[in-house]
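Structural description and commentary
The residues making up each chain are set out below.
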There are 2 protein chains.
Amino acid sequence: MNVTTTIPAGYGFQNFANDGCARAGVLHTAHGKLETPAFMTVGTAGTVKAMTADAVRSTGCQCVRGNTYHLMLRPGADRIAALGGLHSFMDWPGPILTDSGGFQVMSLAALRKIDRDGVTFQSHIDGSHHRLTPAICMDLQYKFDSTITMALDECTAFPAAHDAAEASMEISMRWADLSKQSFRPRPGYALFGIVQGSIYKDLRHRSVNALRDIGFDGYAVGGLAVGEGQAAMLETLDATVPLLPEEAPRYLMGVGTPDDILSAVERGIDMFDCVIPTRAGRTARAYTTSGVHNLRNARFAGDPAPLDPGCGCPACTRHSRAYRHQLFRAGEMLGPMLLTWHNISYYQTLMRGIRASIQAGEFASHAAGLRADWKRQETSR
Amino acid sequence: MNVTTTIPAGYGFQNFANDGCARAGVLHTAHGKLETPAFMTVGTAGTVKAMTADAVRSTGCQCVRGNTYHLMLRPGADRIAALGGLHSFMDWPGPILTDSGGFQVMSLAALRKIDRDGVTFQSHIDGSHHRLTPAICMDLQYKFDSTITMALDECTAFPAAHDAAEASMEISMRWADLSKQSFRPRPGYALFGIVQGSIYKDLRHRSVNALRDIGFDGYAVGGLAVGEGQAAMLETLDATVPLLPEEAPRYLMGVGTPDDILSAVERGIDMFDCVIPTRAGRTARAYTTSGVHNLRNARFAGDPAPLDPGCGCPACTRHSRAYRHQLFRAGEMLGPMLLTWHNISYYQTLMRGIRASIQAGEFASHAAGLRADWKRQETSR
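What counts, and at which threshold
- Residues numbered from 1 in each chain as written.
- Chains lettered and ligands numbered in written order.
- Predicted model: local features only at pLDDT ≥ 70, side-chain atom pairs only at ≥ 80, totals over all residues.
- Heavy atoms only, no water.
- Buried < 20%, exposed > 50% of the residue type's maximum accessible area, 1.4 Å probe, protein only.
- Helix = DSSP H or I, 4+ residues; strand = E, 2+ residues; numbered from the N terminus.
- Pairing = 2+ DSSP bridges.
- Axes fitted to C-alpha atoms, helices over the stretch in contact; angles between N-to-C directions.
- Parallel < 35°, antiparallel > 145°, perpendicular 65-115°, else oblique.
- Left-handed = near helix turned anticlockwise from the far one by under 90°.
- Contact = heavy atoms within 4.5 Å.
- Nonpolar A, V, L, I, M, F, W, Y, C, P; charged D, E, K, R; others polar.
- Buried area = accessible area lost by both parts, 1.4 Å probe.
- Salt bridge = Lys/Arg side-chain N within 4 Å of Asp/Glu carboxyl O.
- Least-squares fit on C-alpha atoms with pLDDT ≥ 70 in both.
- Lys, Arg positive; Asp, Glu negative; His and termini not counted.
- Polar contact = N/O pair within 3.5 Å; in protein donor to acceptor, adjacent residues only side chain to side chain.

**With respect to the pairing of strand 2 (residues 22-29) of chain B**
Residue and element names in this part refer to chain B. Burial runs high along strand 2: eight of the eight residues are buried. The two faces of strand 2 match: Ala 22, Ala 24, Val 26 and His 28 on one face and Arg 23, Gly 25, Leu 27 and Thr 29 on the other face are all buried. Of the pairings in the sheet, the one linking strand 1 (residues 12-19) to strand 2 comprises seven bridges and is antiparallel in character. By the bridge assignment for strand 2, Asn 18 is matched with Arg 23. The loop that links strand 1 with its antiparallel partner strand 2 comprises two residues; one of these, Gly 20, has a positive phi angle of about 65°. Bridge count between strand 2 and strand 3 (residues 32-36): five bridges; the pairing is antiparallel. Opposite Thr 29, over in strand 3, you have Gly 32 as the bridge partner. Taken together, strand 2 and the strand that follows it, strand 3, pair antiparallel across an intervening segment of two residues.

**Observations regarding the packing of helix 6 (residues 134-144) of chain A against helix 7 (residues 162-182) of chain A**
Residue and element names in this part refer to chain A. Helix 7 packs onto helix 6 with a crossing angle of 45° between their chain directions and a minimal axis gap of 8 Å. Accordingly, the angle class assigned to the pair helix 6 and helix 7 is oblique. Considering how the two elements wind past one another, helix 6 and helix 7 form a crossing that is right-handed. Contact with helix 6, carried on its side by Pro 134, Ala 135 and Met 138, involves Trp 175, Leu 178, Ser 179 and Ser 182 of helix 7 and no other residues of that element. Among the residues making up the contact of helix 6 with helix 7, the classes are represented as five nonpolar, two polar and no charged.

**Some points on the interface of chain B and chain A**
Contact with chain B, which involves 38 residues of that partner, is made by 38 residues of chain A. For the chain B and chain A pair, buried surface summed over both sides reaches about 3,100 Å², with 59% attributable to carbon and sulfur atoms. The interface formed by chain B and chain A contains six salt bridges. Ionic pairing is found between Asp 54 of chain B and Arg 318 of chain A, a salt bridge with its closest N-O pair at 2.6 Å. Those elements giving two or more residues to the side of chain B that touches chain A turn out to be helix 1 (53-58), helix 4 (86-89), helix 13 (321-329) and helix 14 (334-359) of chain B. Grouping the amino acids of the side of chain B that touches chain A by side-chain chemistry returns 19 nonpolar, eight polar and 11 charged.

**Observations regarding the environment of Asn 343 of chain A**
Residue and element names in this part refer to chain A. Locating Asn 343 in the fold gives a position in helix 14 (residues 334-359). Assessed through its relative accessible area of 0%, Asn 343 is described here as buried. Asn 343 sits 284 residues away from Thr 59 along the chain, and the two C-alpha atoms are 9.5 Å apart. The contacts of Asn 343, once residues within four sequence positions are left out, are Pro 277, Ala 280, Gly 281, Arg 285, Ala 286 and Tyr 287.

**Description of the relation of the copies chain B and chain A**
Each of the two copies of the chain can be brought onto the other by a rotation about an axis and a shift along it. Once chain B has been moved 0.0 Å along the axis and rotated by 180°, it coincides with chain A to within an RMSD of 0.0 Å. Both copies are brought into coincidence by an operation consistent with a two-fold rotation axis. Taking C-alpha positions as the reference, the residue of chain B nearest the rotation axis is Met 333 of chain B, at 4.0 Å. When the interface residues of chain B are mapped onto chain A, 100% of them again fall at the interface, so both copies present the same face.

**Describing unusual backbone geometry**
Residue Phe 158 of chain A is joined to Pro 159 of chain A through a cis peptide bond whose omega torsion reads -5°. Along the chain, Arg 74 of chain B connects to Pro 75 of chain B via a cis peptide bond; the corresponding omega equals 10°. Tracing the chain through its elements places Pro 75 of chain B in the loop between helix 2 (68-73) and helix 3 (77-82). Even without being glycine, Leu 111 of chain A reaches a positive phi, approximately 50°. Tracing the chain through its elements places Leu 111 of chain A in strand 7 (residues 110-115).

**Thoughts on the side chain of Asp 19 of chain A**
All names here are of chain A. In this fold, Asp 19 is placed in strand 1 (residues 12-19). One buried charge, Asp 19, has no salt-bridge partner; the nearest side chain with opposite charge is Arg 371, at 12 Å. Here the side chain of Asp 19 touches Glu 362 through a polar contact of 3.2 Å, landing on its backbone nitrogen. What Asp 19 contacts, discounting residues up to four positions off in sequence, is Ser 357, Ile 358, Gly 361, Glu 362, Phe 363 and Ala 364.

This is the structure in structure tokens:
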């Protein structure tokens, strides 16, 4: 089914094709467009690890996801603001989404203490004391000049009893409200709320209602891909996504494998981010159309074939698997550089294929084809 | 004075301008030209560390210097040959010079034992046993498909008594002769001999004569920049370079700082290689027209200026010093990547300036200008 909407002047989401629950669209922002379903490459500390900004652009990636926790500690929001914002700082004029920092405070910071109004913690870098509240969180992302600001939330740990998940979700909803109040709107910029509630459908339902009451420019599903497993994640999406407003983009945070992404697109998710392609690129794990390979494996030592014959990334068009194997064996920096480039290209190619299939009304058969390939690769190992 | 020669069909050195002892020319090879005076970027193990081949090319670098010791151990000469040679392996269709491996055997390998016919050693990687003789050394470089093969030599340690330096030089001259006998000539390929003799002028003289008697396509001065200091190095060049044949290129191995290079060009050297720009790029040391800076220095933390305003490398045109500071502080791979790129660009720009000044007959004033800048930078620190 084709959905026609007018292209907004500043920020706006144009959902122009639906195929089942899957949606193809464009998110318009002050810093350019983001075609959806989209995979945002992770650029934690103002750089996509092992990549120049030009290299990231060359893969077709349109949006980078920065990390408020890392950036607030080093180099600091005031410094980034003084240097003209994150776009100029990291040579990424396109859209940038920053997370709220809440997730890293919980996973990285020392001596963190959460209260009703925010969280106090010590930097994992130098032990310095910091505080994050919804107002501070909005101010930080304003100073970064983030295209898409995420509301402060507490990412509920897994597993969590219903009581604990409820209390945590309620704090996140309170912070979502306070985030909205502190957010300073600018044309073409957006604020996203984050649905919490662990794997409990009733809590997810209440969380969505709370966020819709506040009103956001986009809705993220948080607290998933934290150990619950794919089946529980998809069940939670089944219970959550249909409740979200159709006219706003939907972002599944921190997800995931190609199969996770495909399954979430199938359920109506528009945006993703994950460290998988970049982290795998630094550890010799290659995502290819013939499966996931470890380039350190001795069987690649003399292999003259390109890593992924269909891929257009510079390493696939110019280097053999044997060369990439040599780079990782010899501990050369070019190994992670070329493999990160390839893995991001693989993810962007995956997303382009998914978008095209939705636009053509052929998403179901496209997804079935991808899954058949993945299954064949697994059994042939 | 302009010197006119005909452009050779395969390999040949065309020395088309002299200015004092400084020479500007072109080395023609089977893999393209190398304009001299030239700085060859070091690509030890089949990669210029932290750089794609495209990035190296973009700096104007025309020749990469590979490392026989590293390549023979990993991935091995037969493997490189089976994969089509080093040019194809590392995506560098241009000229490649490989050293003989002798220097690294002495500095890196375990349990090395030198005899009249060669050297036996254990790999520093896995302890495996290897032997390097002139014949083996020529065969390895043939398999790499090196454009310029270096004769096997023993790099005399410094300091060395006259006796020891003489014995070492004589072994190198014997190996030079055997290298020439084993070298398999191909059109557009070259074999260079290496002058040894430590800082002793009589030994250097005898070494040059021995090499001229054998006859090589180019002459390298080895055994310098090993701790003797710049003054002793230049005195040795003064006593050596005038003895070398005018019609062949002259290569000063493992040199050096910009000032070393300028002083050696002044004495008639045509080719250089050194790890300085690439190694410095990984340790935050920036070579710039305003001096050598350590980017970790706190004074760069908020500096919005480009690292080197006149430089055309992508990081200088797009990023601030503050950004580069942040990358090194945060331990991001992009720090070494961008700074290596810049440092190689700096060296290539330096060489372009030197070449142009020789061609214009203005080398002396150009050199004086560079030295005045460097002196001012040192005193202003």
